[in-house]
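Residue strings, one per chain:
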Amino acid sequence: MAFPATRMRRLRKSGVLRDMVRETELTPAHLVLPMFVQLGEDRRSPVQAMPGVDRLSISHAVEEAGEAHALGIPAVLLFGVPAEKDLQASGAYDDEGVVQLAVRAIKEAHPDLVVLTDVCLCSYTSHGHCGVVTGDGTIDNDVSLELLAKTAVSHAGAGADAVAPSDMMDGRVGALRSQLDSEGHKDVPIVAYSAKFASAFYGPFREAADSTPAFGDRRSYQMDPANGDEAVREALLDVDEGADMVMVKPALAYLDVIAAVRQRVDVPVAAYHVSGEYSMIKAAAERGWVDGNAVALEHVGAIKRAGADAIVTYLARELAEMGLD
Ligand SMILES: [Zn+2]
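Residues numbered from 1 in each chain as written. Predicted model: local features only at pLDDT ≥ 70, side-chain atom pairs only at ≥ 80, totals over all residues. Heavy atoms only, no water.

Peer 1: Got a sec to walk through the layout of surface pockets? Specific residues and values, please.
Peer 2: Of the pockets and cavities examined, the largest pocket occupies roughly 400 Å³. Considering the residues around the largest pocket, the lining is formed by 13 residues, among which Arg22, Thr24, Glu25, Leu26 and Gly301 are closest to the centre. In terms of residue count, the dominant contributor to the lining of the largest pocket is helix α10 (residues 292-306) (five residues). In the lining of the largest pocket, the residues fall into four nonpolar, two polar and seven charged. (1 Å grid on protein atoms, 1.4 Å probe; cavity = no way out; pocket = protein on both sides within 12 Å on 5 of 7 lines; lining within 4 Å. Points joined across faces, edges and corners; volume = space filled by probe spheres on them. Helix = DSSP H or I, 4+ residues; strand = E, 2+ residues; numbered from the N terminus. Nonpolar A, V, L, I, M, F, W, Y, C, P; charged D, E, K, R; others polar.)

Peer 1: Before we move on, can you summarise the environment of Met1 with the specific residues and values?
Peer 2: Tracing the backbone through its elements, the reader meets Met1 in the segment before α1 (15-20). Under the relative-accessibility criterion, Met1 is labelled exposed at 89%. Sequence spacing of Met1 and Glu146 is 145 residues, and the spatial spacing of their C-alpha atoms is 62 Å. (Buried < 20%, exposed > 50% of the residue type's maximum accessible area, 1.4 Å probe, protein only.)

Peer 1: Any chance you could break down the pattern of salt bridges for me, citing the residues and the numbers?
Peer 2: Overall, the coordinates contain 15 salt bridges when judged by the stated rule. The shortest N-O distance in the salt bridge between Asp181 and Arg177 comes to 3.0 Å. A residue pair is termed a helical-turn pair when its members lie 3 or 4 positions apart in one helix, as Asp181 and Arg177 do in helix α5 (residues 172-182) at four residues. Look at Arg177 and you get buried, because its relative accessible area is 13%. For Lys282, the salt bridge goes to Glu318, with nearest N and O atoms at 2.6 Å. Taken together, the residues span a long stretch of sequence, with Lys282 in helix α9 (residues 275-286) and Glu318 in helix α11 (residues 316-321) at a distance of 36 residues. Among the residues examined, Glu318 registers a relative accessible area of 23% and is labelled partly exposed. A single salt-bridge network, built from bridges that share partners, covers Arg44, Asp54, Glu64, Glu67 and Arg317. (Salt bridge = Lys/Arg side-chain N within 4 Å of Asp/Glu carboxyl O.)

Peer 1: Tell me what's going on with a positive patch on the surface, and back it up with residues and numbers.
Peer 2: Side chains of Arg7, Arg9, Arg10, Arg12 and Lys13 sit close together on the surface and give a patch of like positive charge. For Arg10, the location among the structural elements is in the segment before α1. (Patch = residues over 30% accessible without salt bridge, like charges linked within 9 Å, V, L, I, M, F, W, Y side chains within 5 Å. Areas by Shrake-Rupley, 256 points an atom, 1.4 Å probe, with all protein chains shown as cover. Lys, Arg positive; Asp, Glu negative; His and termini not counted. Charge placed at Lys NZ, Arg CZ, Asp CG, Glu CD.)

Peer 1: Lay out the packing of helix α4 (residues 141-158) against α5 in plain terms, naming residues and giving numbers.
Peer 2: Packed helix pairs are characterised by how far apart their axes lie and by the angle those axes make with each other. α5 packs onto α4 with a crossing angle of 45° between their chain directions and a minimal axis gap of 9 Å. By the angle between their axes, α4 is oblique relative to α5. The crossing of α4 and α5 is right-handed. Across from Leu145, Leu148, Ala149, Ala152, Val153 and Ala156 in α4, the residues of α5 making contact are Arg172, Ala175, Leu176, Gln179 and Leu180. By residue class, the composition of the contact of α4 with α5 is nine nonpolar, one polar and one charged. (Axes fitted to C-alpha atoms, helices over the stretch in contact; angles between N-to-C directions. Parallel < 35°, antiparallel > 145°, perpendicular 65-115°, else oblique. Left-handed = near helix turned anticlockwise from the far one by under 90°. Contact = heavy atoms within 4.5 Å.)

Peer 1: Go over empty space enclosed by the protein with me, naming the residues and quoting the values.
Peer 2: Counted under the stated rule, the structure contains one cavity of 30 Å³ or more. Around the largest cavity, the lining is made up of 18 residues, and of these Phe79, Asp118, Cys122, Ser166 and Phe205 lie nearest the centre. Elements with a contribution of two residues or more to the lining of the largest cavity: β4 (75-81) and α6 (203-209). Residues of the lining of the largest cavity, tallied by class, amount to eight nonpolar, five polar and five charged.

Peer 1: Lay out α4 with the relevant residues and their values.
Peer 2: If you check α4, its first and last C-alpha atoms are 26 Å apart, about what 18 residues at 1.5 Å a residue would give, namely 26 Å. Along α4, the positions that sit buried rather than exposed are Ser144, Leu145, Leu147, Leu148, Ala149, Thr151, Ala152, Val153, Ser154, His155, Ala156 and Ala158. On its buried face, α4 is in contact with α3 (98-109), β5 (114-119), β6 (132-133), β7 (139-140), β8 (162-165) and α5. Residue Asp140 occupies the N-cap position of α4, its side-chain oxygen lying 3.2 Å from the main-chain nitrogen of Asp142. With its phi angle positive at about 115°, Gly159 sits one or two positions after the end of α4. (Expected span 1.5 Å × (residues − 1). Polar contact = N/O pair within 3.5 Å; in protein donor to acceptor, adjacent residues only side chain to side chain.)

The structure is reproduced here in structure tokens:
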């Protein structure tokens, strides 16, 4: 049946009707708040390129994590900003490292809050790459796996509820799973950054996490933004290796990838609304060019509609404060 018998506007007539037939529900329960933690006492360092986001010392991180939880946000994702870096990324798997200390403090204060940790080496290596660099400047995949697995075990030992490898080395999910299992952490899930693209949208994050590569770029391990089928293959491989959840990053420019991955895997799918996506909204809103809150809601709603079950976003608190449900 077509017009005039069919009139799509009938169900758009009132707010109550529109609510009744809304296809995508967004609640704070779907959101994960990323946080940058640093050492020191009572320190809060604003990230210039991400208005409203600060690097926090542990006491502040505990406080902000608690506020997020009180708003109905079930989980935080921690990134460490270590005081020192070296070639072996030893700060990443130091049991007294910044992330490990933060996990313990946050779990002690807020035991019901889910604490996920980003597992990577780039914030801890002096060259800023996500793996171990060999003499000729290439990234050694298999040697990197050992350090990544050590890092995951160290995070789990500190009490992390899940570990999230973001390095894009081949075989890391399997390496993490077997190491976690053999060291008594068989119940700690792996949230794999399966399709992480070599994206310019990460620009502001690199200031926040102080993780800009000293040479070259990350295109030998992160994915080519042009590739969708390859992203699905990455996700399927990670599920095969034992990933409990897979992630697509960034989100808004990769909605087709989120939808394709959602169709092909039988595990929950997360998407990461990244720093550049956040900062573009903030910059345009600051100039009065767009309504920041409305655009934020539309961004995250679109990511949900595309098929993401969980959305990692710096907007989590603002969205929850807007009263999503
Ligand atoms: Zn990395």
